[in-house]
Amino acid sequence: MSMTPIQTRQRGWRLGLLSLMALCMALLPSALNAAEKQEKPQAKEVFTKTYDHFYGKEGVRFNYKISILGIYHEEGWACYKGDKSKSAHANTVMWNNGSLLYKLRLDKRLVEIHDPKVNKEDQMLQKFKFYPDEFNYSLTMEGSDYLVTLKAKKDAKNTKMKEVRIVVDPETYYPRQLRIRVLGLFWAKVTFTDFKAGNIADSTFDFPKEKYSDYKMEDHR
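Computed from a predicted structure; not experimentally measured.

(A) Spatial organisation of the overall build of the protein. Within the protein, the secondary structure is distributed over 4 helices and 12 strands. The buried share of the protein, reckoned over its 221 residues, is 32%. Considering only residue pairs separated by 6 or more positions, the protein has 44% of its internal contacts joining residues 24 or more positions apart. Here the protein displays about 14,800 Å² of accessible surface, and carbon together with sulfur accounts for 54% of that area.

What follows is the structure, given as structure tokens:
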């Protein structure tokens, strides 16, 4: 049975539409992958934004839990702004106004006064000192969060950290968890909650002397 010219055109139109749909379906995965790659930021970019939250001019505050080898545990909260800091864990609260560090030991009713610059030379703290240019960066997903992995370069001379893994909120770029491998021997894990960047008042770092005037004072400078 022969087809009319109209039927021939309709059949050709349908075949053309089906061919176009098949082509679109074939290209769709590549298009989606390309869009995903275009929207997904680079590893160094994610790390830098997270890092800047810690060292931004307006300061940062967060609660934390630390675990090392499943043996050492600590939890508390900390606040930083420039060279100033305040932190609390267990029975200890510390105020560092950039010039003096006050360490309050509640269980001993004691206040120690330290030079904050001396603490920078602590050998354990040096293990966690960070040199951004001595790492290679990669970015994957951990659930719905970004996972930024940093691995020390073979020619790294300063860093003691062999590998760093940071779980980051993809919307705020706030850190959720930090895992650090030091000297290839052990992992330290830090979990962050109630992370807040900005609007930290300078008065936060002033030690309230009048509140602890009846405590014993020791000068360790």
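Here the narrative resumes.
(B) Representation of the pattern of salt bridges. Tallied over the full model, the rule gives 11 salt bridges. Residues aspartate 214 and arginine 109 are paired through a salt bridge, measuring 2.8 Å at the closest nitrogen-oxygen approach. With a gap of 105 residues between them, aspartate 214 in the loop between strand S11 (186-197) and strand S12 (216-219) and arginine 109 in the loop between strand S5 (101-105) and strand S6 (110-114) connect regions that are remote in the sequence. A salt bridge links arginine 176 to aspartate 145; the nearest nitrogen and oxygen atoms lie 2.9 Å apart. One end of the pair, arginine 176, is in strand S10 (residues 175-182); the other, aspartate 145, is in strand S8 (residues 145-152), with 31 residues separating them in the sequence. Judged by relative accessible area, which is 11%, aspartate 145 ranks as buried. Here the residues in one salt-bridge network are Asp145, Asp169 and Arg176, joined through shared partners.

(C) Up close: the pairing of S5. Most of S5 is tucked away: 4 of the 5 residues are buried. The loop that links strand S4 (residues 92-96) with its antiparallel partner S5 comprises 4 residues; one of these, glycine 98, has a positive phi angle of about 100 degrees. With 5 bridges joining them, S5 and S6 adopt antiparallel strand pairing. Among the inter-strand pairings, tyrosine 102 is bridged to a residue of S6, identified as isoleucine 113. Joining the antiparallel neighbours S5 and S6 is a turn of 4 residues, in which arginine 109 adopts a positive phi near 50 degrees.

(D) Broad picture of the sheet that holds strand S9 (residues 161-168). Spatially, the 12 strands line up as an open sheet ordered S7-S8-S9-S10-S11-S1-S2-S3-S4-S5-S6-S12, and their pairing is mixed. Edge positions in the sheet fall to strand S7 (135-142) and S12, since each of these pairs with one other strand and no more. Strand after strand, the sheet turns through a mean of 20 degrees between neighbouring axes, direction not considered. As defined by bridge partners, strand S1 (residues 60-68) adjoins strand S2 (residues 72-81) across 9 bridges and the pair is classed as antiparallel. Across the sheet, residue isoleucine 68 finds its bridge partner in S2, namely tyrosine 72. Seen against the sheet, helix H2 (residues 43-55) touches S1, S2, S7, S8, S9, S10 and S11 and runs at an angle of roughly 95 degrees to S7.

(E) Region of interest: the confidence of the model for the protein. For the protein, per-residue confidence averages 81 on the pLDDT scale, and 76% of positions sit at 70 or higher. The low-confidence segment residues 5-38 (pLDDT under 50) makes 2 contacts with residues lying over four places distant or belonging to another chain.

(F) How the structure looks around the side chain of arginine 179. Relative to the elements of secondary structure, arginine 179 occurs in strand S10. When its relative accessible area of 16% is taken as the criterion, arginine 179 is described as buried. For arginine 179, the contacting residues outside a window of four places in its chain are Glu142, Leu147, Glu163, Val164, Arg165, Val167, Trp187, Ala188 and Lys189.

(G) Geometry of the packing of aromatic side chains. If you walk through the whole model with that rule in mind, you get 17 aromatic pairs. Ring geometry for phenylalanine 62 versus tyrosine 80: centroids 6.1 Å apart, planes at 25 degrees, classification stacked. With a gap of 18 residues between them, phenylalanine 62 in strand S1 and tyrosine 80 in strand S2 connect regions that are remote in the sequence. For phenylalanine 62, a relative accessible area of 5% gives the class buried. For the pair tyrosine 146 and tyrosine 173, a centre-to-centre distance of 6.3 Å together with 35 degrees between the ring planes defines the contact as tilted. Within this pair, whereas tyrosine 146 is found in strand S8, its partner tyrosine 173 is found in the loop between S9 and S10, the two being separated by 27 residues in sequence. A relative accessible area of 11% means that tyrosine 146 is categorised as buried.

The rules behind the values
Residues numbered from 1 in each chain as written. Predicted model: local features only at pLDDT ≥ 70, side-chain atom pairs only at ≥ 80, totals over all residues. Heavy atoms only, no water. Helix = DSSP H or I, 4+ residues; strand = E, 2+ residues; numbered from the N terminus. Buried < 20%, exposed > 50% of the residue type's maximum accessible area, 1.4 Å probe, protein only. Contact = heavy atoms within 4.5 Å. Areas by Shrake-Rupley, 256 points an atom, 1.4 Å probe, with all protein chains shown as cover. Salt bridge = Lys/Arg side-chain N within 4 Å of Asp/Glu carboxyl O. Pairing = 2+ DSSP bridges. Axes fitted to C-alpha atoms, helices over the stretch in contact; angles between N-to-C directions. pLDDT = per-residue confidence, 0-100. Phe/Tyr/Trp six-rings, centres within 6.5 Å; stacked < 30°, edge-to-face > 60°.

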